[in-house]
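Observations on the model geometry
Next come the chains, spelled out residue by residue.
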Amino acid sequence: MKQIFAAVFVIIVIISFIVVAFTLTQVQQEEQRLKTSLKQRSILLAESLKETVQPNFINKSDQQLQNLVDKFEDKQRLAGMVIYDSKGDTIATSSSLITQVLKTKKIAEDAMDADGANGDFVELTNEKMYLLAIPLHDEESVVGALMIAQDASYIDTRLTGIWKNNLLRLFVQASLISAAILLIIRWLIVEPIRNLVKSLKSTRTEDLEQNSPGLPTNFFFRPLAKEITNIRGKLKEARLIADEEAKLGLEKLNSPWTEQRLKVFIKDVLKDRTIFMVSNREPYIHTKKGRSINYYIPASGMVTAIEPIMEACGGIWIAQGSGDADKITVDKDDKLNVPPEEPKYTLKRIWLSEKEEAGYYYGFSNEGLWPLCHIAYTRPTFRKEDWEEYKKVNGKFAQTILTEIKNIERPIVLIQDFHLALVPRIIKNSRPDASVGIFWHIPWPNSESFSVCPWKKEIIDGILGADLIGFQTQLHCNNFIETVSREIESLLDFEQLTVTRNGHTSFVKPFPISIAFPNPSKEKSANSDTRKFLKSLNIKTKYIGVGVDRLDYTKGILERLKAIEIFLKKYPAYVGNFSFIQIAAPSRSKIKEYQKFTEALEKEVERVNNLFRKNGWKPVILFKRHHTREEISRFYKLANVCLVTSLHDGMNLVAKEFVAARGDNKGVLVLSQFTGAARELKDALIVNPYNGEQTAEAIKVALELSPLEQTKKMRRMREVVKNYNIYRWSAELLKVIVNI
Ligand code: ADQ
């Protein structure tokens, strides 16, 4: 819109320029014409007055001359007369000119000297006058002069009138032209372009069944509109074929799953039953920045995995609103459509008080259950007050879900993670017809470790409300079954992996989670941009390592740095030639343990850097902030080696993201044996992160692996991630849940 106003402004300036130039010429011509006409009339008048004045002048009848002058004063445009003798002294003067005669004397003297008429325009008593003097004769000699004063102010009035008229006309013209231009732009350009964009958008998204929104028919856009109609037709055809193929592929779970195939699956197998996704963390967090509102996708493996499913399936995602602009971006039902740029599903936000968040999220979930489930040797802390908040907030989530599913028959409710362990039981008790699943994204420890939790029975009972309980690996399923058998009374089927309690059976199954494998056509490979990018970060080394994590003690970042120290000490040829970039998103920073961990990490980075720093180079570069997905992908693509050294990790999606980003089939993954991902990505260099020497060796092997070996390994890992992507994960999980 700014550009349109600028264009209108330029047009108006040009028109104004033309009008002003034209008016100037018109005014000059008119002034010339009026003055010439006044001069001619003045000469005629002066000559005719001379006939009367001259005899009286020669007869020296001063009184008669004064009478004559008085008689002609203020007659129409004639303002007055003055009669001079040959010395330039006045003999008779119109009363209106008495005070001015001295000023005008020169005109009369010049006329006498030249023995001819002499005139000029002068300002008298604030009025513009034309003064004309002609000589008076006795016989042949000049004996005096007659000067007449003509009112010339009407010339200025006339010229001002021309300016006024023309400027008024300009104003009217400019307003009309601006309005006309804006209307024309709107009708001929903005509206048609808006329709073209709408049509292209609906072509790209799913709405091909709907009629194309009024494509423009005007002359300029007709060829483009025709082309879009053709593209829509072709795309519709292609989608039909893709749907058919997807249907044929439904039974063959080995063929790759795509977003499209998942959509067809939902339609065919789920018969369009609505999916209600529930998690603590929301997929889009809105924040205030000055006067504008931005959003970001949080650093969370759960969000990375679940978001593409929701984009494919639609439905409602219920989660805690945690951004400072979250409340102002929802409607009266606390809902908004997301993704913000191209909405595909609904996000419903739940609000928690500070006390609730402190007890439920920071306290019981992250200081209790998180360290309890991760064997990373950080002690869990259990407080009664936190547990009370945890129960309360789980109840709040359950109530919100129950309200949402009130009028929905056989809804599918998928609960994510350890924050909401009590929700499945509450939902199932109120709505036995609902299909309820819970997926535990983190490890389930062995029964002995779990037994330290004071509220273990309540947690297990809450989870057993679900029809399907999913874990990342078979080992976690086994640990869970073992924990159930140890802690509560129930009927267990170790073959089928089911738990039956109070007449309700829960299925326990592994579903190794994954990512949406990126579309290769959207992938840009590393190129000369990479060098520039690294230069901008002041990184000039030949070899680059990368680590991408939330700042969490379970991710083994300190152990990673120790391994880098061992590597550089053992292989000094790499000193100055290897840079390790650690991208770390601040996480749970209100918890003391996490604050201590961040401080320890910063100190460790400093320590390792001080050991090797030289000539402006240092081995470790820490970027401690949230990054966008595009930024992270850029780092994955430029790394020779990616280090994933978690002490314990349900899956670890960073490992899979790194593999998926390497469309060039280059780069090596060093992967902790304690991640779920290590079970699938067998071509990674598998390490025990507690063994610094082993990780250091793996870094060396990775950096020296031949390009051919790198390609072989990377190709195989890419096949694994591509085939077992997040669409397949959700299809397999949903297939089980609808068949229970
Ligand atoms: P997380 O512990 O959150 O997930 P992970 O699977 O590694 O761990 O996923 C982290 C995600 O955050 C990745 O998508 C990564 O790209 C992103 N991320 C990391 N650093 C970031 C940064 N600085 N800025 C922005 N984004 C960043 C939990 C379990 C995992 C399990 C997942 C999914 O702990 O074991 O794999 O759930 O089930």
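Details of the structure are given in the entry above.
Here we summarise the structure given alongside this text. This structure is a prediction, so every number in the text was calculated from the model and none was measured.

**Let's talk about the overall build of the chain**
- When helices and strands are counted, the chain shows 21 helices and 23 strands.
- Its C-alpha atoms give the chain a radius of gyration of 46 Å, more than 25% over the compact-globule value 27 Å for 740 residues.
- When its C-alpha atoms are laid out on the principal axes, the chain stretches across 150 × 65 × 55 Å.
- Split into buried and exposed, the 740 residues of the chain put 52% on the buried side.
- Put simply, 70% of the contacts in the chain that link residues at least 6 apart link residues at least 24 apart.
- When the accessible surface of the chain is split by element, carbon and sulfur atoms take 54% of a total near 35,800 Å².
- Put simply, the chain has 104 plus and 90 minus side-chain charges, and the middle of one group is 7 Å from the middle of the other.

**Focus on the sheet that holds strand S1 (residues 78-85)**
- One open sheet holds the 5 strands; their spatial order is S2-S1-S5-S4-S3, and the pairing between them is antiparallel. The two strands at the open ends of the sheet, each matched to only one other strand, are strand S2 (90-93) and strand S3 (118-124). Averaged over all neighbouring strand pairs, the angle between strand axes comes to 25°, with direction disregarded.
- Alignment of strand S4 (residues 127-138) against strand S5 (residues 141-151), held across 10 bridges, turns out to be antiparallel.

**Quick word on the site of the ligand**
- Around the ligand lies a shell of 28 residues, among which Thr304, His441, His627, Asp649 and Glu657 are the nearest.
- One nitrogen or oxygen atom from the side chain of His441 is found 2.6 Å from an oxygen atom belonging to the ligand.
- Here Gly650 contributes a backbone N or O atom positioned 3.1 Å from an oxygen atom of the ligand.
- Those elements giving two or more residues to the shell around the ligand turn out to be helix H7 (301-313), strand S18 (543-550), strand S19 (578-585), helix H17 (629-638) and helix H18 (653-661).
- Within the shell around the ligand, the residues separate by chemical class into 13 nonpolar, 9 polar and 6 charged.
- Here the shell around the ligand gathers at least three residues from each of two domains, domain 2 (275-510) and domain 3 (537-724).

**So, a negative patch on the surface**
- A surface patch of like charges, here negative, comprises Asp115, Asp138, Glu139 and Glu140.
- Inspection of the secondary structure puts Glu140 in the loop between S4 and S5.

**Section: the packing of aromatic side chains**
- Across all of its chains, the model carries 31 aromatic pairs by this definition.
- Between Phe364 and Trp387, the aromatic rings sit 5.1 Å apart at their centres with planes inclined by 55°, giving tilted as the arrangement. Placement of Phe364 in helix H8 (residues 354-373) and of Trp387 in helix H9 (residues 384-404) is noted, with a sequence separation of 23 residues between them.
- Judged by relative accessible area, which is 2%, Trp387 ranks as buried.
- Residues Tyr636 and Phe658 carry aromatic rings whose centres are separated by 6.1 Å and whose planes lie at 65° to one another, so their mutual orientation is edge-to-face. Remark: Phe658 occurs in helix H18 and Tyr636 occurs in helix H17; sequence separation between them is 22 residues. Both residues of the pair, Tyr636 and Phe658, belong to the buried class.
- Site record: aromatic cluster; members linked through ring pairs are Tyr360, Phe364, Phe382, Trp387, Tyr390, Phe397 and Trp455.
- Between the NZ or CZ atom of Lys700 and the centre of the ring of Tyr571, over which it lies, the distance is 4.8 Å.

**With respect to the pattern of salt bridges**
- Enumeration over the complete set of coordinates arrives at 49 salt bridges.
- The salt bridge partner of Glu565 is Lys562, with a shortest N-O separation of 3.3 Å. Taken as a pair, Glu565 and Lys562 lie in helix H15 (residues 557-570) at a separation of 3 residues, close to a single helical turn.
- Among the residues examined, Glu565 registers a relative accessible area of 3% and is labelled buried.
- For Lys562, a relative accessible area of 36% gives the class partly exposed.
- For the salt bridge of Glu565 with Arg607, the shortest nitrogen-to-oxygen distance reads 2.4 Å. With Glu565 in helix H15 and Arg607 in helix H16 (residues 592-612), the pair connects residues that are 42 residues apart, well separated along the chain.
- Via salt bridges that share partners, Lys355, Glu356, Glu389, Lys392 and Lys396 belong to a single interconnected network.

**Section: the pairing of S18**
- Of all 8 residues that make up S18, 8 are buried, and the element is covered over most of its length.
- Going residue by residue along S18, you find Tyr543, Gly545, Gly547 and Asp549 tucked away on one face and Ile544, Val546, Val548 and Arg550 tucked away on the opposite face as well.
- Here S18 runs beside S19; their pairing, made up of 8 bridges, is parallel. By the bridge assignment for S19, Tyr543 is matched with Phe578.
- In this sheet, strand S21 (residues 641-644) lies alongside S18 in parallel orientation, the contact comprising 2 bridges. Bridge pairing in S21 links Val546 to Cys642.

**Observations regarding the sheet that holds S18**
- With parallel pairing, 6 strands are arranged side by side in an open sheet as S20-S19-S18-S21-S22-S23. What marks the edges here is a single partner per strand, and that holds for strand S20 (620-624) and strand S23 (685-687). Each neighbouring strand pair of the sheet contributes to a mean axis angle of 20°, computed without reference to strand direction.
- The pairing of S21 with strand S22 (residues 668-672) spans 4 bridges and is parallel. In the strand pairing of S22, Val641 is matched with Val668.
- Across the sheet, H18 is in contact with S18, S21 and S22; its angle to S22 comes to roughly 170°.

**Some remarks on the pairing of strand S12 (residues 412-416)**
- For S12, the buried fraction is high: 5 of the 5 residues fall into the buried class.
- Across 4 bridges, strand S6 (residues 275-278) lies against S12 in parallel orientation. When the bridges of S12 are listed, Phe276 appears paired with Val413.
- Direction of pairing for S12 relative to strand S13 (residues 435-439): parallel, over a ladder of 5 bridges. Across the sheet, the residue bridging to Leu414 is Gly437, located in S13.
- In the classification by handedness, the crossover that spans S12, the intervening helix H10 (residues 423-430) and the parallel S13 is right-handed.

**Things to note about empty space enclosed by the protein**
- Under the defined criterion, the tally for this structure stands at 1 cavity of 30 Å³ or more.
- By volume, the largest cavity amounts to about 50 Å³.
- Lining the largest cavity we find Leu414, Ile415, Gln416, Gly437, Ile438, Phe439, Leu468, Trp729 and Leu733.
- Among the secondary structure elements, those contributing two or more residues to the lining of the largest cavity are S12, S13 and helix H21 (726-739).

About the thresholds
Residues numbered from 1 in each chain as written. Predicted model: local features only at pLDDT ≥ 70, side-chain atom pairs only at ≥ 80, totals over all residues. Heavy atoms only, no water. Helix = DSSP H or I, 4+ residues; strand = E, 2+ residues; numbered from the N terminus. Rg over C-alpha atoms; globule rule 2.2 N^0.38 Å. Buried < 20%, exposed > 50% of the residue type's maximum accessible area, 1.4 Å probe, protein only. Contact = heavy atoms within 4.5 Å. Areas by Shrake-Rupley, 256 points an atom, 1.4 Å probe, with all protein chains shown as cover. Lys, Arg positive; Asp, Glu negative; His and termini not counted. Charge placed at Lys NZ, Arg CZ, Asp CG, Glu CD. Pairing = 2+ DSSP bridges. Axes fitted to C-alpha atoms, helices over the stretch in contact; angles between N-to-C directions. Near = heavy atom within 4 Å. Polar contact = N/O pair within 3.5 Å; in protein donor to acceptor, adjacent residues only side chain to side chain. Nonpolar A, V, L, I, M, F, W, Y, C, P; charged D, E, K, R; others polar. Domains from an automatic or database assignment. Patch = residues over 30% accessible without salt bridge, like charges linked within 9 Å, V, L, I, M, F, W, Y side chains within 5 Å. Salt bridge = Lys/Arg side-chain N within 4 Å of Asp/Glu carboxyl O. Phe/Tyr/Trp six-rings, centres within 6.5 Å; stacked < 30°, edge-to-face > 60°. Lys NZ or Arg CZ within 6 Å of the ring centre and 35° of its normal. Right-handed = clockwise from strand over helix to strand, strands pointing away. 1 Å grid on protein atoms, 1.4 Å probe; cavity = no way out; pocket = protein on both sides within 12 Å on 5 of 7 lines; lining within 4 Å. Points joined across faces, edges and corners; volume = space filled by probe spheres on them.

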